[in-house]
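Here's the letter readout for the chains.
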Amino acid sequence: MLKNTVIAISRQYGSGGRELANILAEKLGYKLYDRQIVHMAAAQLGISGMSESQLKEFEDNVPPLSLKFMPFYIFGMSGAKPMNHKMFEQESEIIRRLAKDGNCIILGRCADAVLQGNENVCSVFVCANDEYREERGRTVYDGKSVIELNQEDAKRAEYYAYYTGKEWGNPKNYDLSVNTSHKSLEDIADVIIEYINKK
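No experiment lies behind these values; they were computed from the predicted model shown. (Residues numbered from 1 in each chain as written. Predicted model: local features only at pLDDT ≥ 70, side-chain atom pairs only at ≥ 80, totals over all residues. Heavy atoms only, no water.)

Novice: Got a minute to help me understand the overall build of the protein chain in this structure?
Specialist: Looking only at helices and strands, the protein chain has nine helices and five strands in total. Ordered by position in the sequence, the α and β elements of the protein chain form the string β-α-β-α-α-α-α-β-α-β-α-α-β-α. For the protein chain, the proportion of its 199 residues judged to be buried stands at 48%. Intrachain contacts of the protein chain at a sequence separation of at least 6 include 76% that bridge at least 24 residues. Accessible surface computed for the protein chain: about 10,400 Å², of which carbon and sulfur atoms make up 50%. (Helix = DSSP H or I, 4+ residues; strand = E, 2+ residues; numbered from the N terminus. Buried < 20%, exposed > 50% of the residue type's maximum accessible area, 1.4 Å probe, protein only. Contact = heavy atoms within 4.5 Å. Areas by Shrake-Rupley, 256 points an atom, 1.4 Å probe, with all protein chains shown as cover.)

Novice: What am I meant to see in the sheet that holds strand β2 (residues 31-33) here?
Specialist: Backbone-to-backbone hydrogen bonds join strands into a sheet, with any given pair of strands oriented parallel or antiparallel. Pairing is parallel across the open sheet formed by five strands, whose spatial order is β2-β3-β1-β4-β5. Looking along the sheet, the strands with just one partner apiece sit at the ends: β2 and β5 (176-179). Pairwise comparison of adjacent strand axes, ignoring direction, gives a mean angle of 20 degrees for this sheet. In the packing of helix α1 (residues 17-28) onto the sheet, the strands contacted are β1 (6-11), β2, β3 (104-107), β4 (121-127) and β5, and the crossing angle to β3 comes to about 175 degrees. Packing against the sheet, helix α9 (residues 185-198) makes contact with β1, β4 and β5, and its axis sits at approximately 165 degrees to β5. (Pairing = 2+ DSSP bridges. Axes fitted to C-alpha atoms, helices over the stretch in contact; angles between N-to-C directions.)

Novice: Explain unusual backbone geometry here, please?
Specialist: Phi is mostly negative for residues that are not glycine, and the peptide bonds are mostly trans. Backbone geometry places C110, a non-glycine residue, at a positive phi of 60 degrees. Secondary-structure assignment places C110 in the loop between β3 and α6 (111-114). On the accessibility criterion, C110 (6% relative accessible area) is buried. In this structure, D142 is a non-glycine residue whose phi angle is positive, near 55 degrees. With respect to the element layout, D142 can be found in the loop between α7 (130-139) and α8 (146-164). Judged by relative accessible area, which is 78%, D142 ranks as exposed.

That is the geometry; function is a separate question.
Below you can see the structure in the form of structure tokens.
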């Protein structure tokens, strides 16, 4: 593997992406970053007093996309920026620093787009069929239905589109897409590791 290898994981809600990230981190001995990035960014912006649910609601609140939309970070924004834009910028800066610090796995946070072009980054999208996600919704996510899981995914897709200008979950935006429906997460982790070693 290349020095300072970074695995950027995006995932469908209920696909087991977080669990897969933990397995990869354990197998590889990599650091895993998830919501810590949000809290680091909030602390640097002086809004660390917000609760987890407040931070999530704050992040999910993005303006509606227009037909003439371009991601704000491509062309910059003059004047005062909304706090959620500042939050994204701060998270992106933290992600870039973490990627330079050593081998790690970054879950979500548009890390694949933030780190696009870095040769040491492997971006992975984790998905699963509705039956698998429905079962995990019942057993792992407090009885959430597929409809509720899809609603969460819609928020992720909107957030990703707003800040990257790309389609969340589209395989062409990732180095590797994996379906967790029919193989164990352990086996899928091994496939990802093999792919990275060959890449």
